[in-house]
Amino acid sequence: DIWCIGVLTYELLQGRVPFEGEQRKVVMEKIVNVSLADLVDKNKIDYSVEIPNEAKEFIECLVQKDPALRPKCADLLKFPLFTNYLPKNTKSKKAH
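Residues numbered from 1 in each chain as written. Predicted model: local features only at pLDDT ≥ 70, side-chain atom pairs only at ≥ 80, totals over all residues. Heavy atoms only, no water.

Summarising the element assignment, Gln14 is placed in helix α1 (residues 2–14). Overall, Gln14 belongs to the buried group, its relative accessible area being 6%. Along the primary structure Gln14 and Tyr47 are separated by 33 residues, whereas in three dimensions their C-alpha atoms are 6.8 Å apart. (Helix = DSSP H or I, 4+ residues; strand = E, 2+ residues; numbered from the N terminus. Buried < 20%, exposed > 50% of the residue type's maximum accessible area, 1.4 Å probe, protein only.)

Structure, rendered in structure tokens:
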């Protein structure tokens, strides 16, 4: 789902998982009970690798606890993370 895309984006850009723990149970409790956005606000999680603000905004929007607040899949490519960095014409060309 959309939440997973946010977590995977974080992992790909940071090289580590956003929710860490020595035991699987601890990690699962953090996933269920802790918001990634709250961790960022409280400076308990950081973006140790510098990434564009557009990437941070994308991640934090996707990992909101309330699924109703997350964007729809069709809207993901409309985020500045993509609109600012992807070529303007992304239509595929037919092979000759």
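Still more to cover.
Let us look at helix α4 (residues 53–62). Taken together, the buried positions of α4 are occupied by Ala55, Lys56, Phe58, Ile59 and Leu62. Take α4 and look down its axis: the buried residues cluster within an arc of 160°, on one side only. (Arc of directions from axis to C-beta.)

With 11 residues, the main nonpolar core is built from Ile2, Tyr10, Tyr47, Ile51, Ala55, Phe58, Ile59, Leu62, Leu76, Phe79 and Leu81. At the level of secondary structure, the elements contributing two or more residues to this core comprise α1 and α4. The leading source of residues in this core is α4, at 4 residues. Aside from chain neighbours lying at most four places away, what touches Ile51 is Leu13, Gln14, Lys56 and Ile59. (Core = buried A, V, L, I, M, F, W, Y, C linked by side-chain atoms within 4.5 Å. Contact = heavy atoms within 4.5 Å.)

With respect to the helices, strands and loops of the structure, Lys56 is situated in helix α4. This buried residue, Lys56, is left without a salt bridge; Glu50 holds the nearest opposite charge, at 4.1 Å. Apart from residues lying up to four places away in sequence, Lys56 is in contact with Tyr47, Glu50 and Ile51. (Lys, Arg positive; Asp, Glu negative; His and termini not counted. Salt bridge = Lys/Arg side-chain N within 4 Å of Asp/Glu carboxyl O.)

Turning our eyes to something else, we now look at the pattern of salt bridges. Summed over the entire model, instances satisfying the criterion amount to 3 salt bridges. Between Asp1 and Arg70 there is a salt bridge, with the nearest N and O atoms lying 3.1 Å from each other. Placement of Asp1 in the segment before α1 and of Arg70 in the loop between α4 and α5 (80–83) is noted, with a sequence separation of 69 residues between them. Judged by its relative accessible area of 59%, Asp1 is exposed. Between Arg16 and Glu20 there is a salt bridge, with its nearest N and O atoms 3.9 Å apart.

Moving on, we come to the packing of aromatic side chains. Note on aromatic pairs: each is described by the distance of the centres and the angle between the planes. A complete count under the given rule lists 3 aromatic pairs for this structure. Geometrically, the ring pair formed by Trp3 and Phe19 is stacked, given 6.2 Å between the ring centres and 20° between the ring planes. Of this pair, Trp3 sits in helix α1 while Phe19 is found in the loop between α1 and α2 (24–33), placing the two residues 16 residues apart along the sequence. Classification of Trp3 as buried rests on a relative accessible area of 15%. (Phe/Tyr/Trp six-rings, centres within 6.5 Å; stacked < 30°, edge-to-face > 60°.)

So, on to the environment of Ile31. Tracing the backbone through its elements, the reader meets Ile31 in helix α2. Non-local contacts of Ile31, meaning those with residues more than four positions away in its chain, are made with Trp3, Phe19 and Lys65.

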